[in-house]
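The residues making up each chain are set out below.
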Amino acid sequence: SAVISQKPSRDICQRGTSLTIQCQVDSQVTMMFWYRQQPGQSLTLIATANQGSEATYESGFVIDKFPISRPNLTFSTLTVSNMSPEDSSIYLCSVWVTGREQFFGPGTRLTVL
Amino acid sequence: KNEVEQSPQNLTAQEGEFITINCSYSVGISALHWLQQHPGGGIVSLFMLSSGKKKHGRLIATINIQEKHSSLHITASHPRDSAVYICAVSQGAQKLVFGQGTRLTINP
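Analysis parameters
- As a convention, each chain's residues are numbered from 1 in the sequence order in which they are written.
- As they are written, the chains are lettered A onward and the ligands numbered 1 onward, keeping that order.
- Owing to the predicted nature of the model, reporting of local features is limited to residues with pLDDT of at least 70; listing and counting of side-chain atom pairs is limited to 80 or more, with chain, interface and lining totals taken over all residues.
- Remark: hydrogens and water are excluded; side-chain values derive from all non-hydrogen atoms of the structure.
- Runs of H or I in DSSP of at least four residues are treated as helices and runs of E of at least two as strands, each being numbered from the N terminus.
- The globule rule used here is 2.2 Å times the number of residues to the 0.38 power, and the radius of gyration it is set against is calculated over C-alpha atoms.
- Only protein chains enter the accessibility calculation, which uses a 1.4 Å probe; a residue whose area is less than 20% of its type maximum is buried, one above 50% is exposed, and one in between is partly exposed.
- In this analysis, two residues are considered to be in contact whenever any of their non-hydrogen atoms come within 4.5 Å of each other.
- If DSSP finds at least two bridges between two strands, the strands pair.
- Lines fitted to C-alpha atoms define the axes, with helix axes restricted to the stretch in contact, and inter-axis angles between N-to-C directions lie between 0 and 180 degrees.
- Between N or O atoms, a polar contact is any pair within 3.5 Å; within protein, one atom must be a potential hydrogen donor and the other a potential acceptor, and residues adjacent in sequence are included only when both atoms are from side chains.
- To qualify as a nonpolar core, a set must consist of buried Ala, Val, Leu, Ile, Met, Phe, Trp, Tyr and Cys residues joined through side-chain atoms within 4.5 Å.
- Just to be clear on terms, a salt bridge is a Lys or Arg side-chain nitrogen sitting within 4 Å of an Asp or Glu carboxyl oxygen.
- Note on terminology: pairs of cysteine sulfur atoms within 2.5 Å are recorded as disulfides.

A. Structural view of the overall build of chain B. Counting its secondary structure elements, chain B contains zero helices and 11 strands. Helices (α) and strands (β) of chain B occur, in sequence order from the N terminus, as β-β-β-β-β-β-β-β-β-β-β. The C-alpha radius of gyration computed for chain B amounts to 13 Å, which stays within 12% of the reference 13 Å derived for 108 residues, consistent with globular compactness. Here the C-alpha coordinates of chain B stretch approximately 40 × 25 × 25 Å along the principal axes. Counting every position in chain B, which comprises 108 residues, the buried fraction comes to 45%. Once local pairs closer than 6 in sequence are excluded, the contacts in chain B between residues at least 24 apart make up 54%.

B. Region of interest: the sheet that holds strand β6 (residues 52-56) of chain B. Residues and elements named next belong to chain B. The five strands are arranged β1-β3-β8-β7-β6 in an open sheet whose pairing can be described as antiparallel. Edge positions in the open sheet fall to β1 (4-7) and β6, since each of these has one partner strand only. For this sheet, the mean angle separating the axes of adjacent strands, direction not counted, is 15°.

C. Here's a closer look at the side chain of S77 of chain B. Residue and element names in this part refer to chain B. Here S77 is to be found in the loop between β8 (69-74) and β9 (83-90). Under the relative-accessibility criterion, S77 is labelled buried at 2%. One polar contact links the side chain of S77 to the main-chain carbonyl oxygen of Q14, over a distance of 3.4 Å. Sequence-distant contacts of S77, defined by excluding residues within four places in its chain, comprise Q14, E15, G16, E17, I19, R58 and I106.

D. Local environment of the nonpolar core. All names here are of chain A. In terms of nonpolar packing, the biggest core is built from 27 residues, with W34, I46, Y91, V95 and L110 touching the most fellow members. Mapped by element, the contributors of at least two residues to this core are β3 (19-25), β4 (31-37), β5 (43-50), β8 (75-80), β9 (89-96) and β11 (108-112). At four residues, the largest contribution of residues to this core is made by β3.

E. Highlighting the pattern of salt bridges. Residue and element names in this part refer to chain A. If you walk through the whole model with that rule in mind, you get two salt bridges over all chains. For K65, the salt bridge is made with D87, and the minimal N-O distance between the two is 2.7 Å. One end of the pair, K65, is in the loop between β6 (56-57) and β7 (68-72); the other, D87, is in the loop between β8 and β9, and 22 residues separate them in sequence.

F. Structural view of the sheet that holds strand β1 (residues 4-7) of chain A. Residue and element names in this part refer to chain A. The strand order β1-β3-β8-β7 describes an open sheet built from four strands, whose pairing is antiparallel. The open sheet is flanked by β1 and β7, the only strands paired with a single partner. Direction aside, the axes of adjacent strands within the sheet are offset by 15° on average. Relative to β3, β1 is paired through four bridges, and the arrangement is antiparallel. Across the sheet, Q6 pairs through a bridge with C23, a residue of β3.

G. Focus on the state of the cysteines. Tallied over the entire structure, the rule returns two disulfides over all chains. Linked covalently through their sulfurs, C23 of chain A and C93 of chain A form a disulfide whose S-S length is 1.9 Å. Residues C23 of chain A and C93 of chain A share a disulfide whose torsion about the S-S bond is about 75°; that sign makes it right-handed. Of the two residues, C23 of chain A sits in strand β3 while C93 of chain A sits in strand β9, which places them 70 residues apart along the sequence. Shown here is the disulfide that connects C23 of chain B with C87 of chain B, its sulfur atoms set 1.9 Å apart. With the S-S dihedral at roughly -65°, the linkage between C23 of chain B and C87 of chain B falls on the left-handed side. Linking C23 of chain B in strand β3 (residues 19-25) with C87 of chain B in strand β9, this pair joins segments that are 64 residues apart in sequence. Given the relative accessible area of 0%, C87 of chain B is considered buried. Free of any disulfide, C13 of chain A has its nearest neighbouring cysteine sulfur in C93 of chain A, separated by 17 Å.

Here is the structure:
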């Protein structure tokens, strides 16, 4: 299995500011995924982060708004930039353990005022 | 039309009842996942299925590939089973496409 931790667990931020969310995995994984869950909605994939290469963003998400770092095989960050109230969501990272299943972090609950 | 549809969207039952949540999908998949999300937001993977049936404790998941349909069953339901249950499919690229979730409430 894989144990994933995220920091912060929750935050309240002012519009126009940026927040960086950290995701730490207890084992080396090739691919990490960042998801967003807006209030009352299901999860939407923001981007896939591979170590040593640029993240691959899904339609509707851009690097300027959601820059991602992946410095090694156990760690990634997602920054939510120039935040607005519409960015209020739960942000989750996940990893896929080959032949097993997908593991999710506990999520970061973001509120933008 | 969403690629993954769940029913019902909301389900309230009494403790001890047998629960069924359904998931239909319209795309080719490599696997189907059932996930559980508690109020705090964290998600736990319950099952990953590519065929047949899996059982874990009081939870049973089945999939019919020909009909593109899966069900999640909970036997002898308990208030601690109250959560949002999410069906998701993967299409070989490890990315998941999610259903909208089923909010289950089990009353004592």
